[in-house]
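Letter by letter, the chains look like this.
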Amino acid sequence: MERTLVILKPCTIQRGLIGEIISRFEKKGLCLVGMKMVWLTDEILSEHYAHLKEKPFFQRIKDAMSVCPVIVCCWEGVDAIQVVRLMAGTTNGRNAQPGTIRGDYSMSVQENIVHASDSPETAAIELKRFFVDSELFSYKRNDLLSIYANDEF
Ligand code: IDP
Ligand code: MG
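Everything numeric in this text was worked out from a predicted model, so none of it was measured.

Engineer: Which parts of the structure should I look at to understand the overall build of the protein?
Structural biologist: Looking only at helices and strands, the protein features 8 helices and 4 strands. Listing each helix as α and each strand as β along the protein from the N terminus yields β-α-α-β-α-α-β-α-α-β-α-α. For a compact globule of 153 residues, the expected C-alpha radius of gyration is about 15 Å, and the protein comes in at 15 Å, within 12% of that figure. For the C-alpha atoms alone, the extent of the protein along its principal axes is close to 50 × 35 × 25 Å. Sequence-distant contacts in the protein: of pairs separated by 6 or more residues, those separated by 24 or more amount to 77%. Element-wise, carbon and sulfur atoms account for 53% of the exposed surface of the protein, whose accessible area totals about 8400 Å². Measuring between centres, the 18 positive side-chain charges of the protein sit 5 Å from its 20 negative side-chain charges.

Engineer: For this particular structure, what's the right way to read the sheet that holds strand S2 (residues 31-38)?
Structural biologist: Strand pairing within a sheet occurs via backbone hydrogen bonds; the two strands may be parallel or antiparallel. Spatially, 4 strands are ordered S2-S3-S1-S4 in an open sheet, and the strand pairing comes out antiparallel. Since the sheet does not close on itself, it has two edges, and those belong to S2 and strand S4 (114-116), each with one partner. Each adjacent strand pair in this sheet contributes to an overall mean axis angle of 20°, direction not counted. Of the pairings in the sheet, the one linking S2 to strand S3 (residues 70-77) comprises 7 bridges and is antiparallel in character. When the bridges of S3 are listed, Leu32 appears paired with Trp75. Set on the sheet, helix H5 (residues 80-88) makes contact with strand S1 (2-8), S3 and S4; between it and S1 the angle comes to about 30°.

Engineer: Could you clarify how one ought to interpret the side chain of Glu76 in this entry?
Structural biologist: Here Glu76 is to be found in strand S3. Residue classification places Glu76 among the buried positions, given a relative accessible area of 9%. Within the structure, Glu76 has its side chain in polar contact with the side chain of Arg3 (distance 2.9 Å). Ignoring anything within four residues of it in the chain, the contact list for Glu76 reads Met1, Glu2, Arg3, Leu30, Cys31, Val33, Tyr139 and Lys140.

Engineer: Honestly, the packing of helix H2 (residues 18-28) against H5 in this entry has me stumped. Any pointers?
Structural biologist: Helix packing for two helices is described by the angle between their axes and how far apart those axes are. Here H2 crosses H5 at 135°, and the two axes come no closer than 12 Å. Relative to H5, H2 is oriented oblique. Pair H2 / H5 crosses with right-handed handedness. Contact residues: H2 offers Arg24, Phe25 and Lys28, while H5 offers Val83, Val84 and Met87. In terms of residue class, the contact of H2 with H5 is made up of 4 nonpolar, no polar and 2 charged.

Engineer: Any chance you could explain the site of ligand 1 here in plain terms?
Structural biologist: Not every one of the 13 residues close to ligand 1 is listed here, only the nearest: Lys9, His51, Arg85, Thr91 and Asn112. Here an oxygen atom of ligand 1 and a side-chain polar atom of Arg85 are 2.8 Å apart. Between an oxygen atom of ligand 1 and a side-chain N or O atom of Asn112, the distance comes to 2.9 Å. Protein contact buries 79% of the 520 Å² of open area that ligand 1 shows by itself. Here the shell around ligand 1 is composed, by residue class, of 5 nonpolar, 4 polar and 4 charged.

Criteria and thresholds
Residues numbered from 1 in each chain as written. Chains lettered and ligands numbered in written order. Predicted model: local features only at pLDDT ≥ 70, side-chain atom pairs only at ≥ 80, totals over all residues. Heavy atoms only, no water. Helix = DSSP H or I, 4+ residues; strand = E, 2+ residues; numbered from the N terminus. Rg over C-alpha atoms; globule rule 2.2 N^0.38 Å. Contact = heavy atoms within 4.5 Å. Areas by Shrake-Rupley, 256 points an atom, 1.4 Å probe, with all protein chains shown as cover. Lys, Arg positive; Asp, Glu negative; His and termini not counted. Charge placed at Lys NZ, Arg CZ, Asp CG, Glu CD. Pairing = 2+ DSSP bridges. Axes fitted to C-alpha atoms, helices over the stretch in contact; angles between N-to-C directions. Buried < 20%, exposed > 50% of the residue type's maximum accessible area, 1.4 Å probe, protein only. Polar contact = N/O pair within 3.5 Å; in protein donor to acceptor, adjacent residues only side chain to side chain. Parallel < 35°, antiparallel > 145°, perpendicular 65-115°, else oblique. Left-handed = near helix turned anticlockwise from the far one by under 90°. Nonpolar A, V, L, I, M, F, W, Y, C, P; charged D, E, K, R; others polar. Near = heavy atom within 4 Å.

What follows is the structure, encoded as structure tokens:
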């Protein structure tokens, strides 16, 4: 089982889409093992978006990510990192495939509903960035044997 970080961005909170987005991951069969509301600081966002620090929109995305609190969640499942990235869709909501979260709910590159970790290395770093160990729980969903074949997990 893998764990991955998802952030419901301020646009999602402002647009009343929290339940709908969480529901998609739940219905997919992922297991929610951590969730909290946090108001992100410029400091943590500078670290989180360090790969974009030379871009002209760096400060603007940090500002957009701190207009209100966000919801950070940790989802667990087989290949969860790739599954969640595929569910999120490509960065630009206008190009994202219908059926993906960004394809169904976003018209923007910046206001694109969710952040999702993009690799096992990033997921490990990002989960540590936003959660302390005691905020992540180890348990199994009761429907595990209906979600996977018994040799899949
Ligand atoms: P990702 O979220 O699909 O992994 P990244 O390239 O890691 O995309 O960019 C992080 C976030 O920065 C994006 O989700 C988006 O909100 C914002 N962003 C990326 N590229 C642009 C851009 O060209 N203009 C404005 N915002 C951007
Ligand atoms: Mg990214």
